[in-house]
Amino acid sequence: MSKTLTEAQVRKNIESKLSGQFGCTVKEASREQMYKAAAMTVKDILTAKRANYKNKVNEVGAKRVYYMCMEFLLGRSLKTNLSNLGLMEEYRAALDSLGFSLEDLYECEPDAGLGNGGLGRLAACFMDSLSSLDYPATGFSICYEYGLFKQMIVDGMQIELPDIWLPGGEVWLTPRTDRIFKVRMGGRVREEWREGHLGIRYEGGEVIEAVPYDMMISGADSEAVSLLRLWRARDIQNFNMGLFTQGQYMRALEESTNAEIISKVLYPSDNHTEGKLLRLSQQYFLVSASVQSIVRDHMAVYGTLDNFAEKVAIHINDTHPALCIPELMRLLIDEYFFPWEKAWETVLHTVSYTNHTVMPEALETWNEDLFKLRLPRIYRIIKEINERFCRDAWQNFPGNWDRIAGMSVIGYGQVRMANLSVVGSHSVNGVSRLHSDILKSDTFKDFYRMYPDRFDNVTNGVAHRRWLCYSNPRLAALLDECIGPAYRKEPQRLADFAKFANDGGVLASLRDIKHQNKIAFSHYLMKKTGKSLDTHSVFDVQIKRLHEYKRQLLNALHIVGLYLDLKENPDREMQPQTFIFGAKAAPGYQMAKQIIKLLCYISRDIDQNPRIRDKLQVVFLEDYNVSLAEALIPAAEISEQISLAGKEASGTGCMKLMMNGAITVGTLDGANVEMLEAVGKENMFIFGLNSREVDELWTRGYHAASYYSNNERLGRIINYLHVGFAGESFSDIAMYLLSGYGIADPYMCLADFESYRGAHAEMLAAYADKPRWNRMSLLNIASSGYFAADRSVEEYASRIWGLKKVKSES
């Protein structure tokens, strides 16, 4: 076991890496070289553990899960791996003896640029839990060269820069040039009978190489090490020497790099045809390479595909990898000559699907002509899937062509990925109970009538070891002292902390820990940005992707109201408040970018008014990422979870904040509903319309202007948007709220405003009562064990994937 490594052995391993990889001694080594040398020694430990575990899995013939996701928001690896392996102190001591600080080396590592938000962070949390619980698992994604983007705020506007993460991050990657697969796109497809089988002949098109880069995902105190396989695109055609010789250098270079664009950037803008084509190419590239890899590995162990569904579970995390369904069909039919019916049964029993959104615009569709042009063979397979499905649907809904047309995989010139995912999966789950109910009653209601047994719910969870134990060591130490360390492997044990809800000493310690965390974050922010925070103010935090339905704008309207109160009377008695935002907007999402600008200009205006700043601060964190979250979340006191009810599938930031003792102000949306049940209404602040009331209001007719007219405070706030902040008017946002661009205030900020303001008033009253607030914080921590990813993964493993743990006999 890795835990038997001594400080001397760690030091020797690091010195060996410095000499062998960089040709230098400890005295000559830079901090970056030392970081890479240390990371390489950790990777060696994980690689050896992985090989042992893989052999064990093969010996017992265990079923494996393959988790496909377009993104994995991993953050940094060195700290997490050392913590999981139980080697942090040995490495700290070894590095100290070599003249280096482990904390300094952590800062050398960039956040891996492989994800965007909740979807990718969930995938990363699940990989951590799969390893920690000793389940055989492999993740698949793309090795993005530049990730999403690096966010820079210039005059309040978001500017997107390349996120160059590989120079520091590739130390964790192992290229597997022995496992390259070919992915074919475009061209034409000819069907012809050969030797009693339907053969497929491709004409033209392009063939791209998928080169795998493997990253080891450690588990905490476990035997398993999971594999995250990332695909990089490479042009299979040779460099065009002819063009180069003729002096056409740029054209020669362009031809050789066209294919490689596929793995350049996560989520390229798709508000133009080229972007849509690139996204489609990325998705097929991911699933084709991954499914080929899965089939190859299965054949290497078993020599047959007849037991494929018995030994393999493929999980698609949202619709981006949905094309694995027709791609697996293609391999089974075209290359292994399965009859259609046998191939479909295999696919259906292998694939499962998690839906992450109920918003119609986020349920992916592709233009049928574009799809047919780019993926001709896959289009034919999907067309056959659709025809067979429609015949089955006719048996369930005879004569109801409109209903069947809405359920079809291809319809009205669109190829519908969500419908494909439901039709081709044996299990479909939402990620909170409310979300799953909406899927059954609305989004997929007709599918639910046809396939009631397919629908399930698995509420999301987060990696509690990373987000509590490793990110908040002060709180973890208090928990260890009060309830023992068992919660680190069994998060449900956090419930034992509730026994201390009336213990004055524990409550005082909890309050002190929160204040120390606030000071630590303030120092962190000062070092990064030069901005100081009042650590005696309440830290009110909203950290999530910038989207209208998440309603950062509602928060902003409330802040404007406070600003106007203080502008009118700077001596007004008020609890000092610091509102902290972290968010990225999609590059083409103009309203989201304008909301960022509003927040930044409110902040600038306040900073220019010292008397207001003493009681009110607004901070927008540039380039919010996992590492920044690890610093902020332990310091947060209020957690803003304020999406319009019925729009947020689950949310995971809410769970991380709850685990760290923040109190939630939120709507009855997503996981908030289950959090409320767990902690009790006296320990959360719920406001606003519920999902049924939202639907009823839309049905009656929502008139945003009436709220503006009938609420003097709200009217004053919206009017002031025309005046603006720091010399910048935000009339466009005022117009968006009152007359809209089609629909005024589409996410009902005005309808929920007064209730939201009331919740904040109640919350500040509770904050003033320190014993009460600390008790609420403790009970939130004690109630958070259910929202650990370990529980989620156990539910997937038992109910959906049919996995068993693989570990040595005790």
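Residues numbered from 1 in each chain as written. Predicted model: local features only at pLDDT ≥ 70, side-chain atom pairs only at ≥ 80, totals over all residues. Heavy atoms only, no water.

Chemist: Tell me about the overall build of the chain, and name the residues and values.
Modeler: Check the secondary structure of the chain and you find 35 helices and 23 strands. For 810 residues, the compact-globule formula gives about 28 Å, and the C-alpha radius of gyration of the chain, at 27 Å, lands near that figure. Seen through its principal axes, the chain has C-alpha atoms that stretch 90 × 75 × 65 Å. When burial is assessed residue by residue, the chain has 61% of its 810 residues classed as buried. Taking the intrachain contacts of the chain between residues at least 6 apart in sequence as the baseline, contacts between residues at least 24 apart amount to 76%. Accessible area for the chain stands at about 31,400 Å²; split by element, carbon and sulfur atoms hold 49% of it. The averaged location of the 101 negative side-chain charges in the chain is 2 Å from the averaged location of its 94 positive side-chain charges. (Helix = DSSP H or I, 4+ residues; strand = E, 2+ residues; numbered from the N terminus. Rg over C-alpha atoms; globule rule 2.2 N^0.38 Å. Buried < 20%, exposed > 50% of the residue type's maximum accessible area, 1.4 Å probe, protein only. Contact = heavy atoms within 4.5 Å. Areas by Shrake-Rupley, 256 points an atom, 1.4 Å probe, with all protein chains shown as cover. Lys, Arg positive; Asp, Glu negative; His and termini not counted. Charge placed at Lys NZ, Arg CZ, Asp CG, Glu CD.)

Chemist: An account of the sheet that holds strand β21 (residues 638–641) is needed here, citing residue identities and associated values.
Modeler: The strand order across the open sheet built from 6 strands is β20-β19-β18-β21-β22-β23, with neighbouring strands paired in parallel fashion. Here the strands that pair on one side only, and so sit at the sheet edges, are β20 (616–621) and β23 (685–686). (Pairing = 2+ DSSP bridges.)

Chemist: Hey, could you go over helix α28 (residues 672–679) for me, with residue numbers and the actual values?
Modeler: Within the sequence span of α28, burial applies to Asn672, Glu674, Met675, Leu676 and Val679. Remark: Gly680 follows α28 within two positions and exhibits a positive phi of approximately 90 degrees.

Chemist: Would you mind going over the nonpolar core in detail, with residue names and values included?
Modeler: Counting 211 residues, the largest nonpolar core has Ile14, Met34, Phe285, Leu323, Phe371, Phe497 and Phe521 as the members making the most contacts within it. Dropping the residues within four chain positions of it, Phe521 is found in contact with Leu533, Phe539, Ile580, Leu621, Leu628, Ala631, Leu632 and Ala635. Counting residues in hydrophobic clusters, the runner-up holds 72 residues, among them Ile559, Tyr563, Leu689 and Ile733. (Core = buried A, V, L, I, M, F, W, Y, C linked by side-chain atoms within 4.5 Å.)

Chemist: Tell me about the sheet that holds strand β13 (residues 365–367), residues and numbers included.
Modeler: The strand order across the open sheet formed by 3 strands is β13-β15-β14, and the pairing between neighbours is antiparallel. Strands at the two margins of the open sheet, each flanked by one partner only, are β13 and β14 (410–411). Here β13 runs beside strand β15 (residues 414–416); their pairing, made up of 3 bridges, is antiparallel. Considered in β15, the bridge of Trp366 is made with Val415.

Chemist: An account of the side chain of Asn307 is needed here, citing residue identities and associated values.
Modeler: Assignment of secondary structure puts Asn307 in the loop between α10 (273–302) and α11 (308–311). The class of Asn307 is buried, set by a relative accessible area of 15%. For Asn307, the contacting residues outside a window of four places in its chain are His298 and Tyr302.

Chemist: Outline helix α6 (residues 118–132), listing residues and values.
Modeler: The end-to-end C-alpha separation of α6 is 21 Å, in line with the 21 Å expected for 15 residues at 1.5 Å each. Burial within α6 is extensive, with 14 of its 15 residues counted as buried. Asp134 lies just past α6 and shows a positive phi near 65 degrees. (Expected span 1.5 Å × (residues − 1).)

Chemist: Requested: an account of the pattern of salt bridges, with residues and values cited.
Modeler: Tallied over the full model, the rule gives 56 salt bridges. Put simply, Arg11 and Glu7 hold a salt bridge, and the shortest N to O gap is 3.2 Å. One end of the pair, Arg11, and the other, Glu7, are both in helix α1 (residues 7–22), 4 residues apart, so they sit about a helical turn from each other. With a shortest N-O distance of 3.8 Å, Lys528 and Glu107 are connected by a salt bridge. Taken together, the positions of Lys528 in helix α22 (residues 504–529) and Glu107 in the loop between α5 (102–106) and α6 put the pair 421 residues apart, joining distant regions of the chain. Here the salt bridges share partners, and the residues they tie into one network are Arg176, Asp178, Arg179, Asp214 and Arg229. (Salt bridge = Lys/Arg side-chain N within 4 Å of Asp/Glu carboxyl O.)

Chemist: Could you give an account of a nonpolar patch on the surface, with specific residues and numbers?
Modeler: Taken together, Met152, Val154, Ile159 and Leu161 make up a surface patch of nonpolar side chains, about 280 Å² in accessible area. Only β3 (150–154) and β4 (157–161) provide two or more residues apiece to the nonpolar patch. Taking the relative accessible area as the measure of exposure, Leu161 reaches 32% and is therefore partly exposed. (Patch = residues over 30% accessible without salt bridge, like charges linked within 9 Å, V, L, I, M, F, W, Y side chains within 5 Å.)

Chemist: Could you give an account of the packing of aromatic side chains, with specific residues and numbers?
Modeler: For the structure on display, the rule yields 24 aromatic pairs. Between Tyr448 and Phe455, the ring centres sit 5.6 Å apart and the planes meet at 90 degrees, which makes this aromatic pair edge-to-face. The class of Phe455 is buried, set by a relative accessible area of 11%. Ring geometry for Tyr720 versus Phe725: centroids 5.4 Å apart, planes at 55 degrees, classification tilted. Ring-pair connections join several aromatic residues into one group, and the members of that group are Tyr67, Phe72, Phe126, Tyr796 and Trp801. (Phe/Tyr/Trp six-rings, centres within 6.5 Å; stacked < 30°, edge-to-face > 60°.)

Chemist: Could you give me a rundown of unusual backbone geometry, with the residues and numbers involved?
Modeler: Positive phi, close to 55 degrees, is recorded for Tyr412, a residue that is not glycine. Overall, Tyr412 belongs to the exposed group, its relative accessible area being 67%. Of note in this structure, Asp623 is not a glycine but carries a positive phi near 55 degrees. Among the secondary structure elements, Asp623 is positioned in the loop between β20 and α26 (626–632). In this structure Asp623 comes out as buried when scored by relative accessible area, which is 13%.

Chemist: Quick rundown of the packing of helix α12 (residues 324–335) against helix α13 (residues 340–350)? Include the residues and the values.
Modeler: Interhelical geometry of α12 versus α13 gives an angle of 140 degrees and a closest axis separation of 9 Å. Between α12 and α13, the interaxial angle falls into the category oblique. Once α12 is placed against α13, the crossing between them reads as right-handed. Seen from α12, the contacting residues are Ile325, Leu328, Met329, Leu332 and Ile333; seen from α13, they are Trp340, Ala343, Trp344, Thr346 and Val347. Here the contact of α12 with α13 is composed, by residue class, of 9 nonpolar, 1 polar and no charged. (Axes fitted to C-alpha atoms, helices over the stretch in contact; angles between N-to-C directions. Parallel < 35°, antiparallel > 145°, perpendicular 65-115°, else oblique. Left-handed = near helix turned anticlockwise from the far one by under 90°. Nonpolar A, V, L, I, M, F, W, Y, C, P; charged D, E, K, R; others polar.)

Chemist: Give me the packing of helix α24 (residues 590–607) against helix α32 (residues 731–738): which residues, what numbers.
Modeler: Each pair of packed helices can be summarised by the angle the axes make with each other and by the distance between the axes. Here α24 crosses α32 at 125 degrees, and the two axes come no closer than 10 Å. Put simply, α24 runs oblique to α32. As α24 packs across α32, the resulting crossing turns out to be left-handed. Contact residues: Met591, Gln594, Ile595 and Leu598 in α24; Asp732, Ile733 and Tyr736 in α32. Broken down by class, the residue content of the contact of α24 with α32 amounts to 5 nonpolar, 1 polar and 1 charged.

Chemist: How would you summarise the pairing of strand β16 (residues 427–430) if you had to cite specific residues and measurements?
Modeler: Residue alternation in β16 divides its side chains into two sets, Ser427 and Asn429 and Val428 and Gly430, and both sets are buried. Pairing of strand β12 (residues 351–354) with β16, which is carried by 3 bridges, proceeds in the parallel orientation. Considered in β16, the bridge of Tyr353 is made with Val428. Here β16 runs beside strand β17 (residues 455–457); their pairing, made up of 3 bridges, is parallel. Paired with Gly430 across the bridge in β17 is Asn457.

Chemist: Just give me the short version of the pairing of strand β8 (residues 197–203), but keep the residues and values in it.
Modeler: Taken together, the 7 bridges between strand β7 (residues 188–194) and β8 define a ladder with antiparallel strand orientation. Note that in β8 the partner of Trp193 across the bridge is Leu198. Linking two consecutive strands that pair antiparallel, namely β7 and β8, is a turn of 2 residues; a positive phi of about 50 degrees is found at Glu195 within it.

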